[in-house]
Amino acid sequence: YTHGWYGTGAYQADDISLIGPGGDATQPPAPPSGLTAGTVTSSSVALTWPAVPGATSYAVYRDGAKVRTVSGTSATVTGLSPATAYAFQVTALNEAGESARSATVTATTTEPSGGGDGGLPAHALVGYLHASFANGSGYTRMADVPDSWDVIDLAFGEPTSVTSGDIRFDRCPVTECPNVESDAEFKAAIKAKQAAGKKVLISIGGQNGQVQLTTAAARDTFVSSVSKIIDEYGLDGLDIDFEGHSLSLNADDTDFRNPKTPVIVNLISALKTLKAKYGDDFVLTMAPETFFVQLGYQYYGTGKWGGQDPRAGAYLPVIHALRDDLTLLHVQDYNSGPIMGLDNQYHSMGGADFHIAMTDMLLTGFPVAGDANNVFPPLRADQVAIGMPATPNAGNGHVPPAEVVKTLDCLTKKTNCGSYATHGTWPALRGLMTWSVNWDRFGGWEFQRTFDGYFG
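Residues numbered from 1 in each chain as written. Predicted model: local features only at pLDDT ≥ 70, side-chain atom pairs only at ≥ 80, totals over all residues. Heavy atoms only, no water.

J.: Could you give me a rundown of the environment of Ala216, with the residues and numbers involved?
T.: Mapping Ala216 onto the fold places it in helix α2 (residues 216–233). On the accessibility criterion, Ala216 (39% relative accessible area) is partly exposed. Taking the C-alpha atoms as reference points, Ala216 and Gly165, 51 residues apart in sequence, are found 9.7 Å from one another. (Helix = DSSP H or I, 4+ residues; strand = E, 2+ residues; numbered from the N terminus. Buried < 20%, exposed > 50% of the residue type's maximum accessible area, 1.4 Å probe, protein only.)

J.: Describe the sheet that holds strand β1 (residues 36–40), listing the residues and the values that go with them.
T.: Taken in spatial order, the three strands make up an open sheet running β1-β2-β5, and their pairing is antiparallel. Edge positions in the open sheet fall to β1 and β5 (74–77), since each of these has one partner strand only. Across the sheet, the mean angle from the axis of one strand to that of its neighbour is 25°, orientation sign disregarded. Sheet topology places strand β2 (residues 45–48) next to β5; four bridges connect them, and they run antiparallel. Bridging from a neighbouring strand, Ala46 pairs with Thr76 of β5. (Pairing = 2+ DSSP bridges. Axes fitted to C-alpha atoms, helices over the stretch in contact; angles between N-to-C directions.)

J.: Residue-level account of the state of the cysteines, with values.
T.: Under the criterion given, the structure shown has two disulfides. Note on cysteine connectivity: Cys172 is disulfide-linked to Cys177, with sulfurs 1.8 Å apart. For the disulfide bridge between Cys172 and Cys177, the dihedral angle about the S-S bond is near 75°, and by the sign convention the bridge is right-handed. What makes Cys172 buried here is its relative accessible area of 4%. Note on Cys177: relative accessible area 1%, which makes it buried. One disulfide in the model links Cys410 with Cys417; its S-S distance is 2.1 Å. (Disulfide = S-S within 2.5 Å.)

J.: Any details on the packing of aromatic side chains? Residues and values, ideally.
T.: What the rule picks out here adds up to 20 aromatic pairs. For the ring pair Phe169 and Tyr233, a centre distance of 5.4 Å and an interplane angle of 75° mean the geometry is edge-to-face. Taken together, the residues span a long stretch of sequence, with Phe169 in the loop between β11 (167–168) and α1 (183–195) and Tyr233 in helix α2 at a distance of 64 residues. Taking the relative accessible area as the measure of exposure, Tyr233 reaches 8% and is therefore buried. Geometry around Phe186 places Arg171 over its ring, the cationic atom sitting 4.1 Å from the centre. Sitting above the plane of the Tyr233 ring, Lys187 keeps its charged end 5.2 Å from the centroid. (Phe/Tyr/Trp six-rings, centres within 6.5 Å; stacked < 30°, edge-to-face > 60°. Lys NZ or Arg CZ within 6 Å of the ring centre and 35° of its normal.)

J.: Lay out α1 with the relevant residues and their values.
T.: Over its 13 residues, α1 extends 18 Å from the first C-alpha to the last, a length consistent with the 18 Å expected when each residue adds 1.5 Å. In this structure, the buried side of α1 is in contact with β10 (151–159), β12 (199–205) and α2. Immediately beyond the C-terminal end of α1, within one or two residues, lies Gly197, with a positive phi of roughly 90°. (Expected span 1.5 Å × (residues − 1). Contact = heavy atoms within 4.5 Å.)

J.: Go over the packing of helix α6 (residues 401–413) against helix α8 (residues 446–455), please, and point to the residues and values.
T.: Two elements in contact, α6 and α8, have axes separated by 10 Å at closest approach and are oriented at 35°. The hand of the α6/α8 crossing is right-handed. Here Pro401, Val404, Val405, Leu408, Asp409, Thr412 and Lys413 of α6 come into contact with α8, specifically with Glu446, Thr450, Tyr454 and Phe455. Tallied by class, the residues present in the contact of α6 with α8 amount to six nonpolar, two polar and three charged. (Left-handed = near helix turned anticlockwise from the far one by under 90°. Nonpolar A, V, L, I, M, F, W, Y, C, P; charged D, E, K, R; others polar.)

J.: Tell me about unusual backbone geometry, residues and numbers included.
T.: Note that the residue after Ala155, namely Phe156, is joined by a cis bond; omega there is 0°. Residue placement: Phe156 occurs in strand β10. That bond from Trp435 to Ser436 is cis: its omega, 5°, falls within 30 degrees of zero. Among the structural elements, Ser436 can be located in the loop between β21 (431–435) and α7 (437–442). Even without being a glycine, Asp63 presents a positive backbone phi close to 50°. Locating Asp63 in the fold gives a position in the loop between β3 (57–62) and β4 (65–70). Since its relative accessible area comes to 35%, Asp63 is described here as partly exposed. Even without a glycine there, the phi angle at Trp445 is positive, about 65°. For Trp445, the position within the fold is in the loop between α7 and α8. Classification of Trp445 as buried rests on a relative accessible area of 19%.

What follows is the structure, encoded as C-alpha cells:
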C-alpha cells in the first residue's frame, strides 16, 4: 500500500487568462464607494455596496487577493477562520476593464459557537495506522500508538467490489502480522485512546480500494456498511481516502457547486446522511491527492479546456458540498506531479515551497479551470492539515524536519518563507497528517518529534 498518485510531468496548458477579453467601452467604471460589512459569523462576512454606473460586475478582494466576482452589489465571503481580522475591498468591472479598488473595510470574525471541529485540540497530529495489512514498516498495535497522535485513521475499509458500496474492514491476519492483537484487545485500545481524548476513524479507500457509488442502491449500502463498522468498533468518524478512479466527472459536469455525475452526487448524499445520523460530534476527514484538488485551478474534468483527465479537480464538489460538515481536509502533498500554484508557476515536491503553495491555495481559494467567475472558496484554517510522508520509504515527496518547520513558519507566522508569496497568515492551521504511524515508528518517530517540537 502506498498513498497517492505520482505523475512525472507537469500539466501544461496554453496561457490561461483569468479576465475575459476587452470590449468597446471607453473606460472602466469608477471605484465603488460605501463598502459596508454587515452580518459577521465565525466563518463569514457579508458585504454590500452601492451600484456603480456602467459596471456590469464586481470583484471582491480579501486581504489583497481576489476571492470572487459577482453581478450584484452584495457578497458573503465564506471559509474564514474564527476570531480573525480580515480586510475587504471591491472593484467595479465592465468590458473596458476594472476600476481601482474601493476603500478598505475591516471585519473580525466571531469566536466559534462550538461543534464542527470534532473536539480536536487547536493543533492536531493525524496519522494512518496500517490495521488491515502489513508491509515493510511493520505492524503497530493500537495500544502502542504514542499519545502525540490526536487522530488515528484505520487503514483501510475496502469495498467487496468497485461499485457495490459494500465496505468491509478486515483486520490484518496473524499470518501477515504475527504480533496482531485480538479483536477484544483492539477494541479496548480504541476505547483507551478515546478516553485520552484521541479520535479513531475508519479510512475508506486507499490505493487498492476503488469505490464508485454509481447507483442509489450502492449509496445506501455504503451508508449501512460504514455504519456497521463504526458501530462495531465504537469509532469517532470517517476518513474518505478515495484514490485512482473512484471519482471522475462526466464530460458535461462543469460546475463544482452543482455536480451531476452520479458517483459525486451519491458520495455527497452518503456523507451527509452519515453526518446527520451521528450528529455534530461525528469527525469527517478527507485525504485527496493534489490531482483531485489543486489541479482544479488549471483543469476541471473534461468540461473546460477539453481533452484533460476527467478526474482533474473531481474532489472539489465533494469538499464544497461538505464544507460545513468537514472536520479536516488533509490533501496528500506527496506522490504528486508538478502542480501550478496561485503564482501561475509549477511547484514540485521535495521542499517547503510545495507544501506552502498547495496549502495557500486551500486557504485562499482559487478560480476553477481558470474561470474568475467560478471560484472555489477558501476553507477555514482549522479545517486544514498538511499531508506529508513520514519517511523517504513512505512515499515520494518526503522532506526533512527543517523543511517542515519552514512550511509551518511561513503559513502560521509569515516568516521563513521562500519564493512563494502567501495570501495570508493562518495561526489557526490545524496541523499535520502523515502516511503513516507505522512508517514514522520505522523512522524513529522523527515526524512525531518534529510536530511536538513545533506545537508543544
